[in-house]
Amino acid sequence: MSIVVVEGLRKVFGQGELAVEALKEASFSVEPGELMALLGPSGSGKSTLLLCISLIQEPTSGRITMNGQKIYDNGWTGVDVRRFRRENIGFIFQAHNLIPFLNARDNIAIAMEINGVHPKAARKRALELLDYLDLLSRATSLPATLSGGEQQRVAIGRALANAPSLIFADEPTASLDTVRGTKVMELLKRIAREQKTAVIAVTHDIRMIEGFDTIYHIVDGRLVIDEAVAKSTTA
Ligand SMILES: Nc1ncnc2c1ncn2[C@@H]1O[C@H](COP(=O)(O)OP(=O)(O)O)[C@@H](O)[C@H]1O
Ligand SMILES: [Mg+2]
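Residues numbered from 1 in each chain as written. Chains lettered and ligands numbered in written order. Predicted model: local features only at pLDDT ≥ 70, side-chain atom pairs only at ≥ 80, totals over all residues.

A. Layout of the site of ligand 1. F13, V20, A22, G40, S42, G43, S44, G45, K46, S47 and T48 make up every residue found near ligand 1. Taken together, the elements giving at least two residues each to the shell around ligand 1 come down to β2 (20-30) and α1 (46-53). Ranked by residues supplied to the shell around ligand 1, first place goes to α1 with three residues. Split by residue class, the shell around ligand 1 holds three nonpolar, seven polar and one charged. (Near = placed C-beta within 6 Å. Helix = DSSP H or I, 4+ residues; strand = E, 2+ residues; numbered from the N terminus. Nonpolar A, V, L, I, M, F, W, Y, C, P; charged D, E, K, R; others polar.)

B. A look at the packing of helix α3 (residues 104-113) against helix α4 (residues 119-132). At a closest axis distance of 8 Å, the pairing of α3 and α4 adopts a crossing angle of 125°. As the angle between them shows, α3 and α4 are arranged oblique. For the crossing formed where α3 meets α4, the hand is right-handed. Residue-level inspection shows A104, R105, I108, A109, M112 and E113 of α3 in contact with α4, the latter providing P119, A122, R123, R125, A126, L127, L129 and L130. Here the contact of α3 with α4 is built from residues that sort into 10 nonpolar, no polar and four charged. (Axes fitted to C-alpha atoms, helices over the stretch in contact; angles between N-to-C directions. Parallel < 35°, antiparallel > 145°, perpendicular 65-115°, else oblique. Left-handed = near helix turned anticlockwise from the far one by under 90°. Contact = placed C-beta atoms within 7 Å.)

C. Expanded view of α1. Burial runs high along α1: seven of the eight residues are buried. Turning to α1, its buried residues are K46, S47, T48, L49, L50, C52 and I53. L55 occupies a position one or two residues after α1 and carries a positive phi of about 60°. (Buried ≥ 20, exposed ≤ 12 C-beta atoms within 10 Å, placed from the backbone.)

D. Representation of the packing of helix α5 (residues 148-160) against helix α6 (residues 178-195) in the model. Packing of α5 against α6 brings their axes to within 9 Å, and their N-to-C directions diverge by 20°. Here α5 is positioned roughly parallel relative to α6, judged by the angle of their axes. As α5 runs across α6, the sense of the crossing is right-handed. Residues G148, G149, Q152, R153, I156 and L160 of α5 form the contact with α6, whose participating residues are R180, K183, V184, L187 and I191. When grouped by side-chain class, the residues that make up the contact of α5 with α6 number five nonpolar, three polar and three charged.

E. Quick peek at the sheet that holds strand β7 (residues 89-92). Spatially, six strands are ordered β7-β8-β9-β3-β10-β11 in an open sheet, and the strand pairing comes out mixed. Only two strands of the sheet have a single partner each, and these edge strands are β7 and β11 (222-225). Adjacent strand axes in the sheet meet at a mean angle of 20° when their direction is disregarded. By the bridge criterion, five bridges tie strand β3 (residues 35-39) to strand β9 (residues 198-203) in an arrangement that is parallel. (Pairing = 2+ DSSP bridges.)

F. Summary view of the sheet that holds strand β4 (residues 61-66). On the basis of which strands lie adjacent, the open sheet formed by five strands has the order β2-β1-β4-β5-β6 and antiparallel pairing. The sheet is open, and its two edges are formed by β2 and β6 (76-77), each paired on a single side. The pairing of strand β1 (residues 4-13) with β4 spans five bridges and is antiparallel. Looking across to β4, one finds that V4 is bridged to M66.

G. Representation of the environment of K24 in the model. With respect to the element layout, K24 can be found in strand β2. Overall, the presence of 17 C-beta atoms within 10 Å leaves K24 in the partly exposed class. Through-space distance from the C-alpha of K24 to that of I89 is 23 Å; in sequence the pair is 65 residues apart. Apart from residues no more than four positions distant in its own chain, K24 is found in contact with R10, G221 and R222.

H. Focus on the nonpolar core. Formed by 64 residues in total, the largest nonpolar core has its most connected members in M36, L38, L188 and V199. With six residues, the single largest contributor to this core is α6. Once you skip the residues sitting within four places of it in the chain, L38 turns out to touch K46, L49, I200, V202, Y216 and I218. (Core = buried A, V, L, I, M, F, W, Y, C linked by C-beta atoms within 7 Å.)

Structure below.
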């Protein structure tokens, strides 16, 4: 079963002559453990797509099904959206968005505590995640004392905290140099392979998505599949 099925998703900002159709009838599906990349220039609608699928922004029309559950259908929302998001989706942003006064471990643990996990259990799993991310030695460090790459890996740990079936990464490597950016992307690939977590990653750097299963280009709000990659993975 697909993790996400998106059908005819549209998003229009504004009205009348000033209306901007940021997303034009986007349709696609993502399977468990699939690595999907979304490439496109600034302003092409990449963030809008991620925000609409996760219902952080309300779509204008279309349908979204996640884990077999219809979460959006032409203006109708079928679930407690915030809770659904917390339990099913992990987010990674361009800037890491860590809480500055919490150390690496607690930045991850708090994501679980919000979901009702006991603080002790949350800290234990946070340490396991830091170990998995090769960051155990930085567990008690504050974000400001970590490098950009380390901060982004803590953000990945936070995204993984509640074992989501889906990770959305919006330009996760944009603030990193190529070496650190590549490392972050390798980590996302490993997570998809080992934990069967589907990843939708937005980037404008094609070098970052080597080995991805599916590549979509987004051009003025319209989603176009990269046929070369589609052929090579189905062959
Ligand atoms: N909240 C908003 N209000 C009005 N227009 C918006 C809003 N968010 C995005 N847009 C417009 O939608 C288009 C796509 O934006 P966005 O999804 O942020 O692009 P990208 O992430 O690819 O850079 C742009 O034309 C942008 O100006
Ligand atoms: Mg964007």
